[in-house]
Amino acid sequence: MKRPSSQGLDEFGRFTEPAVLILISLAGGPKHGYAITADIERVAGFRPGPGTLYGAIARLESRGLIEPLPSDDRRNPYRLTPLGREALSVRLAALEAVTRAGQRRLARA
Amino acid sequence: MSWLLRLYPSAWRRRYGDEMAALLAGERRSPRLVLDLVAGAIDARLNPQLTPGSVPEEGDTSMRSLLVSCHRSSFTHAEMRASALWMIGAAAGLPTLAMVLRTLLDDRTLSDALLYGSFPMALILASQASLLRPYSRAARIVIVVAALSVTYLFFVGITLLSEII
């Protein structure tokens, strides 16, 4: 049986966390860079710098997890692809399993 | 602050420069922002990402296009394993082939050239499992055969030269 895949998200190094946050942001609908930054700040409580944001966006785009939408101005919006949705779903399920395990151990301690 | 974008590779600036400049316009200047951009520029130079826009168009076989599309930031575990197996196999197989040639042919030039060139030729063979992976099978065969031929001829020339000297 084919195992669900996080599509290489684990290979992003220091860009893994920003990449997951970008996917979460785009799961709420297409956004451009500024809107993604603001959304991440709202959800995660920190504001990724432009270098970090676009380092993660480039990795996500090159692996087909997000795609740019046509735009008239210079702020290109991005949207989640079906592959990106699958990767995010797998990643969140793994995080949820880790969180549950941690909480069970804390409760027993 | 957008002058810091000049630290990024030109291909990167063409793809993301305008977006980053628009984003930077709304950011407050700070040492953290400078550090983020400098670190991002170093990363972009060390790990340029292959975006769909940087893939050569159909029929575009210019050397620049080939190099751009080959310039992958990282390889998958399977690609690295396949490449390592090709490297080990070729590094063992090519000298063996050279020894066989030496026993079959009177002239040692061809077998010696294969022996001397076995390491770079092994690298070329291994690259088709990693660096050249984005290309079709046919394109990879053409590139590898051409590179192997040039390398082998180069070592034949070097061997002949060493015999003359």
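Rules behind the numbers
- Along each chain, residues carry numbers from 1 onward, in the same order as the chain's sequence is written.
- As they are written, the chains are lettered A onward and the ligands numbered 1 onward, keeping that order.
- Local features are withheld for residues below a pLDDT of 70 in this predicted model, meaning they are given only at 70 or higher, and side-chain atom pairs are given and counted only at 80 or more; totals for whole chains, interfaces and linings count all residues.
- Only runs of H or I of at least four residues qualify as helices and only runs of E of at least two qualify as strands under DSSP, and these elements are numbered from the N terminus.
- Exposure criterion: with C-beta atoms placed from backbone coordinates, a residue whose C-beta has 20 or more other C-beta atoms within 10 Å is buried, one with 12 or fewer is exposed, and one in between is partly exposed.
- Working definition of a contact: two residues with C-beta atoms, positioned from the backbone, lying within 7 Å.
- Ten residue types, Ala, Val, Leu, Ile, Met, Phe, Trp, Tyr, Cys and Pro, are classed as nonpolar, four, Asp, Glu, Lys and Arg, as charged, and the remainder, Gly among them, as polar.
- Nonpolar core, as used here: buried Ala, Val, Leu, Ile, Met, Phe, Trp, Tyr and Cys residues forming one set through C-beta atoms within 7 Å.
- Whenever a helix is involved, its axis is fitted only over the stretch in contact; in every case the axis is a line through C-alpha atoms, and angles between N-to-C directions fall within 0 to 180 degrees.
- Should an angle fall under 35 degrees it is called roughly parallel, over 145 degrees roughly antiparallel, and 65 to 115 degrees roughly perpendicular, with every other angle called oblique.
- Less than a right angle of anticlockwise turn of the near helix away from the far helix marks a crossing as left-handed, whereas a clockwise turn marks it as right-handed.
- Think of pLDDT as the predictor's per-residue confidence, scored from 0 to 100.

### Here's the deal with the overall build of chain A
At step 1: Each helix and strand counted, chain A has four helices and two strands in total.
At step 2: Along chain A, from the amino end to the carboxyl end, the secondary structure elements read α-α-α-β-β-α.
At step 3: Put simply, chain A has 109 residues, and 34% of those count as buried.

### Overview of the environment of arginine 133 of chain B
Residues and elements named next belong to chain B.
At step 1: For arginine 133, the position within the fold is in the loop between helix 6 (118–127) and helix 7 (137–164).
At step 2: The partly exposed category is assigned to arginine 133, around which 17 C-beta atoms lie within 10 Å.
At step 3: Taking the C-alpha atoms as reference, arginine 133 lies 8.2 Å from glutamate 79; in sequence the two are 54 residues apart.

### What about the interface of chain A and chain B?
At step 1: With 17 residues of chain A at the contact, the number on the chain B side is 22 residues.
At step 2: Those elements that provide at least two residues to the side of chain A that touches chain B are helix 2 (33–44) and helix 3 (50–62) of chain A.
At step 3: Taken together, the residues of the side of chain A that touches chain B break down into four nonpolar, eight polar and five charged.

### A look at the nonpolar core
As a rule of thumb, soluble globular proteins bury nonpolar side chains together.
At step 1: By size, the foremost hydrophobic cluster in this structure holds 32 residues, and its most contacted members are Ala19, Ile22, Leu23, Ala56, Ile57 and Leu60 of chain A.
At step 2: Where this core is concerned, the elements lending two or more residues are helix 1 (16–27), helix 2, helix 3, strand 2 (78–80) and helix 4 (82–108) of chain A together with helix 1 (10–25) and helix 2 (31–46) of chain B.
At step 3: If sequence neighbours within four positions are ignored, isoleucine 57 of chain A has contacts with Ile22 and Tyr78 of chain A.
At step 4: Ranked by size, the runner-up nonpolar core spans seven residues in total, among them Trp86, Met121, Ala126 and Ala129 of chain B.

### Regarding the packing of helix 4 (residues 77–104) of chain B against helix 5 (residues 109–116) of chain B
All names here are of chain B.
At step 1: The interhelical angle for the contact between helix 4 and helix 5, taken along N-to-C directions, is 170°, at an axis separation of 8 Å. Taken together, the axis directions place helix 4 and helix 5 in an arrangement best described as roughly antiparallel. When helix 4 is examined against helix 5, the residues Leu94, Pro95, Leu97, Ala98, Leu101 and Arg102 are found in contact with a partner set consisting of Leu110, Ser111, Leu114 and Leu115.
At step 2: Among the residues making up the contact of helix 4 with helix 5, the classes are represented as eight nonpolar, one polar and one charged.

### Things to note about helix 6 of chain B
At step 1: Ser118, Met121, Ala122, Ile124, Leu125 and Ala126 of chain B are the residues of helix 6 of chain B that are buried.
At step 2: If you follow the buried residues of helix 6 of chain B, they end up packed against helix 4, helix 5 and helix 7 of chain B.

### Details of the packing of helix 5 of chain B against helix 7 of chain B
All names here are of chain B.
At step 1: Across the interface, helix 5 lies against helix 7 with an axial gap of 8 Å and an inter-helix angle of 120°. Taken together, the axis directions place helix 5 and helix 7 in an arrangement best described as oblique. Helix 7 is crossed by helix 5, and the crossing has right-handed handedness. Within the contact between the two elements, helix 5 uses Thr109, Leu110, Asp112, Ala113, Leu114 and Tyr116 and helix 7 uses Tyr152, Phe155, Val156, Ile158, Thr159, Leu160 and Glu163.
At step 2: Residues of the contact of helix 5 with helix 7, tallied by class, amount to nine nonpolar, two polar and two charged.

### Observations regarding the confidence of the model for chain B
All names here are of chain B.
At step 1: Per-residue confidence for chain B gives a mean pLDDT of 80, with 84% of residues at or over 70.
At step 2: For residues 54–71, every residue scores under 50 in pLDDT, and the model assigns this stretch 17 contacts once sequence neighbours within four places are set aside.
At step 3: Per the prediction output, this complex has pTM 0.58; the corresponding ipTM is 0.85.

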